[in-house]
Amino acid sequence: MFSKVLVTSALCAVAFASPFLPYSPGAAERPAEMKVLSDYFSMLGQKVQAGRQMSQAPVCNMANAVLPVASPTPLPGVSDGLKLKHVAIGRGIQNYTCSQTNATAPPVSIGAVATLFNASCVASTYPDLLTVLPNVALQFNLTSNDQPTLSPSYLTISGHHFFSNATTPAFDLNTPTLSLGFAPCMKNNTVPAPSGAPVGQGGQGHGSVAWLKLVTRDGATGNLEEVYRVNTAGGNPPATCAGMPAIFEVQYASE
Ligand SMILES: *[C@@H]1O[C@H](CO)[C@@H](O)[C@H](O)[C@H]1NC(C)=O
Ligand SMILES: *[C@@H]1O[C@H](CO)[C@@H](O)[C@H](O)[C@H]1NC(C)=O
Ligand SMILES: *[C@@H]1O[C@H](CO)[C@@H](O)[C@H](O)[C@H]1NC(C)=O
Ligand SMILES: *[C@@H]1O[C@H](CO)[C@@H](O)[C@H](O)[C@H]1NC(C)=O
Ligand SMILES: *[C@@H]1O[C@H](CO)[C@@H](O)[C@H](O)[C@H]1NC(C)=O
Ligand SMILES: *[C@@H]1O[C@H](CO)[C@@H](O)[C@H](O)[C@H]1NC(C)=O
């Protein structure tokens, strides 16, 4: 999320808990999920190792965060004069309707609901970890929209994403601990997720939702102006409505 507010660098250690798999309801259990997770935890292990070698805690400087570029077609860049204000991992569902009379009709998107988790420090300190986090997070279902931390990381909740009406994706970044603003948005640009994007939860599914550039509309607070959805994992519906119910959800995550 980009805004005109200058964000001061915060000194902050990226604190991860010990690398064991939390087998709780919603935890990943299938082999494809285990592969995603073991890669993640091995990367995490290397970071812990690297962290130990550093004499000081890693510095969380948002200026080090880099917006991923989609290929072959990139999204339009960030508008001049804006500063990066926040990086979040969003975890939730895409919501679709399906014709019950036309099996060849495509599903129609009717919005999304997701919980946002604060990844600003990961973005500035461990960008490679950030890149894989959406697909890792996709392997764990939320237990509620107010889940305080993102499994299996310890990123803390920083807001909610929802549609305030059919054409208004909104981001509420106000929580008891952080008040970054409210951003009702409209779509500015969309490009397909790059080839090689995750196929979906458990390695099964229909691919990852498009990358987006959104711009805020009337009602935005906190000087928030632009929002990007990148590094998407899952969320696509099947190509047609054959065999699908009238309303259904597809699990997704994104940066
Ligand atoms: C997540 O929830 C979906 C229903 O939306 C279910 O089909 C899936 O098995 C669940 N996945 C995990 C990893 O719990
Ligand atoms: C949470 O987000 C804020 C705003 O982007 C940032 O200043 C802070 O460092 C973040 N905290 C963590 C732990 O990432
Ligand atoms: C999906 O959309 C339907 C129809 O608008 C709505 O009733 C339902 O609450 C939505 N699901 C979620 C999880 O928001
Ligand atoms: C069913 O959907 C397909 C794909 O959108 C469309 O081409 C076709 O005309 C539809 N058939 C009917 C009977 O509406
Ligand atoms: C949806 O909400 C936006 C922002 O509040 C508003 O500008 C727009 O007119 C609304 N659209 C409809 C169809 O109600
Ligand atoms: C996207 O934003 C650019 C820059 O503000 C603007 O020129 C363009 O018209 C917008 N496109 C759409 C489809 O909103």
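Residues numbered from 1 in each chain as written. Chains lettered and ligands numbered in written order. Predicted model: local features only at pLDDT ≥ 70, side-chain atom pairs only at ≥ 80, totals over all residues. Heavy atoms only, no water.

As annotated in an unreviewed UniProt entry, the protein carries the name Malate dehydrogenase and is attributed to Hyaloscypha bicolor E.

What follows is about the pattern of salt bridges. For the structure on display, the rule yields one salt bridge. Salt-bridge contacts for Lys213 lead to Glu226; the nearest nitrogen and oxygen are separated by 3.4 Å. Taken together, the positions of Lys213 in strand 11 (residues 211-216) and Glu226 in strand 12 (residues 224-229) put the pair 13 residues apart, joining distant regions of the chain. Across the pair, exposure class does not vary: Lys213 and Glu226 are buried alike. (Salt bridge = Lys/Arg side-chain N within 4 Å of Asp/Glu carboxyl O. Helix = DSSP H or I, 4+ residues; strand = E, 2+ residues; numbered from the N terminus. Buried < 20%, exposed > 50% of the residue type's maximum accessible area, 1.4 Å probe, protein only.)

Tracing the sequence through the fold places Asn165 in strand 8 (residues 155-165). Between the C-alpha atoms of Asn165 and Ile110, which are 55 residues apart in sequence, the distance is 9.6 Å.

Before going further, it helps to examine the nonpolar core. With 33 residues, the main nonpolar core has Tyr40, Ile89, Val122, Leu129, Leu130, Leu155 and Trp211 as its most contacted residues. At the level of secondary structure, the elements contributing two or more residues to this core comprise helix 1 (31-53), helix 2 (120-125) and helix 3 (127-138). The element contributing the most residues to this core is helix 1, with six residues. In terms of nonpolar packing, the next biggest core, distinct from the first, is built from twelve residues, Leu116, Phe171, Leu173 and Leu180 among them. (Core = buried A, V, L, I, M, F, W, Y, C linked by side-chain atoms within 4.5 Å.)

For the structure on display, the rule yields one disulfide. Across a sulfur-sulfur distance of 2.2 Å, Cys98 and Cys241 are joined as a disulfide pair. Taking the sign of the S-S torsion, about -90° here, the bridge from Cys98 to Cys241 comes out left-handed. You can see Cys98 sitting in the loop between strand 5 (88-97) and strand 6 (108-118) and its partner Cys241 sitting in the loop between strand 13 (233-234) and strand 14 (247-254), a full 143 residues away along the chain. (Disulfide = S-S within 2.5 Å.)

What the rule picks out here adds up to two aromatic pairs. With centroids separated by 6.3 Å and ring planes inclined at 25°, the aromatic side chains of Phe162 and Phe182 adopt a geometry described as stacked. On the criterion of sequence distance, the pair formed by Phe162 in strand 8 and Phe182 in strand 10 (residues 179-191) is long-range, its members being 20 residues apart. (Phe/Tyr/Trp six-rings, centres within 6.5 Å; stacked < 30°, edge-to-face > 60°.)

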